[in-house]
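As a plain string of letters, each chain reads:
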Amino acid sequence: MPTIDLTGKVAVVTGSGRSLGLAYAHALAAAGARVVINDVDEAVAEQAVKSVTEAGGRAVAEVVAVGTSEAADRLVTRAVAEFGRLDVLVTNAGILRDKVLWKMTDADFDSVVDVHLKGTFTCARAAAVRMREQGEGGSLILVGSPAGQRGNFGQTNYAAAKAGIATMARTWSMELGRSGITVNAVVPVAATAMTETIPAFAPYIEAMRRGEPLPGFLRRGEGFGTPEDCAALVPFLASEAARNVTGQCIGIGGDRVTLWSHPQEIRAAYADGGWTPDTLADAWPTSVGAEPQTVGIPAPKLPEA
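Owing to the predicted nature of the structure, the values given are computational and were not obtained by experimental measurement.

Draft legend 1. Focus on the pairing of strand β5 (residues 138-143). Judged by how many residues are buried, β5 sits mostly within the fold: 6 of 6 residues are covered. Both faces of β5 are covered, namely the face carrying Gly 138, Leu 140 and Leu 142 and the face carrying Ser 139, Ile 141 and Val 143. Alignment of strand β4 (residues 88-91) against β5, held across 4 bridges, turns out to be parallel. By the bridge assignment, Thr 91 is partnered in β5 with Leu 142. With respect to chirality, the unit in which β4 leads through helix α4 (residues 106-134) into the neighbouring parallel β5 is right-handed. With 6 bridges connecting them, β5 and strand β6 (residues 181-188) associate as parallel partners. Along β6, the bridge assignment pairs Gly 138 with Ile 181.

Draft legend 2. Focus on the packing of aromatic side chains. Evaluation of the coordinates by the stated rule reveals 1 aromatic pair. Judged by centre distance (5.5 Å) and plane angle (80°), the rings of Tyr 204 and Phe 217 are edge-to-face. One end of the pair, Tyr 204, is in helix α7 (residues 202-209); the other, Phe 217, is in helix α8 (residues 216-221), and 13 residues separate them in sequence.

Draft legend 3. Looking closely at the packing of helix α1 (residues 19-30) against helix α2 (residues 42-54). The geometry of α1 relative to α2 is characterised by a closest axis approach of 10 Å and an angle of 30° between their N-to-C directions. Considering the angle they form, α1 stands roughly parallel to α2. The crossing of α1 and α2 is right-handed. For the pair α1 and α2, the contacting residues are Leu 22, His 26 and Ala 29 in the first and Ala 48, Ser 51 and Val 52 in the second. For the contact of α1 with α2, a count of residues per class yields 4 nonpolar, 2 polar and no charged.

Draft legend 4. Representation of the sheet that holds strand β8 (residues 256-259). Pairing is mixed in the open sheet, where 8 strands are placed in the order β3-β2-β1-β4-β5-β6-β7-β8. The open sheet terminates on both sides in strands that have one partner only, identified here as β3 (58-63) and β8. Strand-to-strand twist of the sheet, defined as the mean angle between neighbouring strand axes without regard to direction, takes the value 20°. Packed on one face of the sheet, α1 meets β1 (10-13), β2 (34-39), β4, β5 and β6 and runs near 175° to β1.

Draft legend 5. Local environment of the layout of surface pockets. There is about 440 Å³ of room inside the second largest pocket. Contributing to the lining of the second largest pocket are 15 residues, with Gln 149, Ser 261, His 262, Pro 263 and Gln 293 lying nearest its centre. Breaking the lining of the second largest pocket down by element, the ones donating at least two residues are α5 (146-150) and α6 (156-176). A per-element tally of the lining of the second largest pocket places α6 first, with 4 residues. Looking at side-chain class alone, the lining of the second largest pocket contains 5 nonpolar, 8 polar and 2 charged residues.

Draft legend 6. Representation of the environment of Glu 133. By secondary structure assignment, the location of Glu 133 is in helix α4. Spatially, the C-alpha atoms of Glu 133 and Gly 8 are 17 Å apart, while their sequence positions differ by 125 residues.

Draft legend 7. Seen up close, the pairing of β4. The two faces of β4 match: Val 88 and Val 90 on one face and Leu 89 and Thr 91 on the other face are all buried. Where β1 meets β4, 3 bridges bridge the pair, whose relative direction is parallel. Counterpart to Val 13 in the pairing with β4 is Val 90.

Draft legend 8. Looking closely at the nonpolar core. In this structure, Tyr 24, Leu 28, Val 35, Ile 37, Val 90 and Ile 141 are the most contacted members of the largest nonpolar core, which totals 36 residues. Looking at this core element by element, the count peaks at 8 residues for α1. Setting aside anything within four residues of it in sequence, one finds Val 90 in contact with Val 12, Val 13, Thr 14, Tyr 24, Leu 28, Ile 141, Val 143 and Val 234. One finds Ala 71, Leu 86, Ala 93 and Ala 126 within the second-largest nonpolar core, a separate group that totals 35 residues.

The rules we used
Residues numbered from 1 in each chain as written. Predicted model: local features only at pLDDT ≥ 70, side-chain atom pairs only at ≥ 80, totals over all residues. Heavy atoms only, no water. Buried < 20%, exposed > 50% of the residue type's maximum accessible area, 1.4 Å probe, protein only. Helix = DSSP H or I, 4+ residues; strand = E, 2+ residues; numbered from the N terminus. Pairing = 2+ DSSP bridges. Right-handed = clockwise from strand over helix to strand, strands pointing away. Phe/Tyr/Trp six-rings, centres within 6.5 Å; stacked < 30°, edge-to-face > 60°. Axes fitted to C-alpha atoms, helices over the stretch in contact; angles between N-to-C directions. Parallel < 35°, antiparallel > 145°, perpendicular 65-115°, else oblique. Left-handed = near helix turned anticlockwise from the far one by under 90°. Contact = heavy atoms within 4.5 Å. Nonpolar A, V, L, I, M, F, W, Y, C, P; charged D, E, K, R; others polar. 1 Å grid on protein atoms, 1.4 Å probe; cavity = no way out; pocket = protein on both sides within 12 Å on 5 of 7 lines; lining within 4 Å. Points joined across faces, edges and corners; volume = space filled by probe spheres on them. Core = buried A, V, L, I, M, F, W, Y, C linked by side-chain atoms within 4.5 Å.

Here is the structure:
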């Protein structure tokens, strides 16, 4: 088995002041990478840097709101100015503005798309330019969500952005392959500020904060764990051990790691000369519409009380 050693590599992790982003930064630093921490809150960013350095890693902070090209350029410039290069980008920054469709405002939609989708695009573009100039390859690790794979009630903006991120990973893996740059999307499931709002998970997250371990039916059955449980995937994807892994959406959480399928046609029907509305209505129930696909994130399977 290869040893994951990122000594000499430099990583930028957006939205890494807390939670999953901070766990990714710690995992990269523990593997030897030097890390640029990013957050919109200076105090939070500096505390994150302190926690990484106290653990034996090297890190600096760049305080900027992800979304614009200027912010992306600042992050890449900081990595190069401090550490001389850029090898890994993790696009973790995100916000939530959850509302059902008929109550979601333009501002709710735009703010989430700007941070998640446009922020991923601008940061990845800036990183790709630098990595191609260096000529030594690199790794773009985009952070997706189960909501982007299956949809989620009340998350039009977030689900759409995360679905776009998954598709960008597939597209960029083709565009950047000749440059030796891998592109993958991670789909984490962990105890975070978002998941603690799910009633089924809330009592277990609260117990975890009191020092109690998460039960096995969550860690294995639901693939649900701590942010640190998700972090191992990031240094792996940034390493030489994953040089042939690209264009994939990979789920991780608790004790489980998964590979998400890419959308594909699953059934087909044919009509000589083409279809009419009437022939579609006749054929639908017994042909392509016989087994409609489910939507939404499945409810957790919890033990009966």
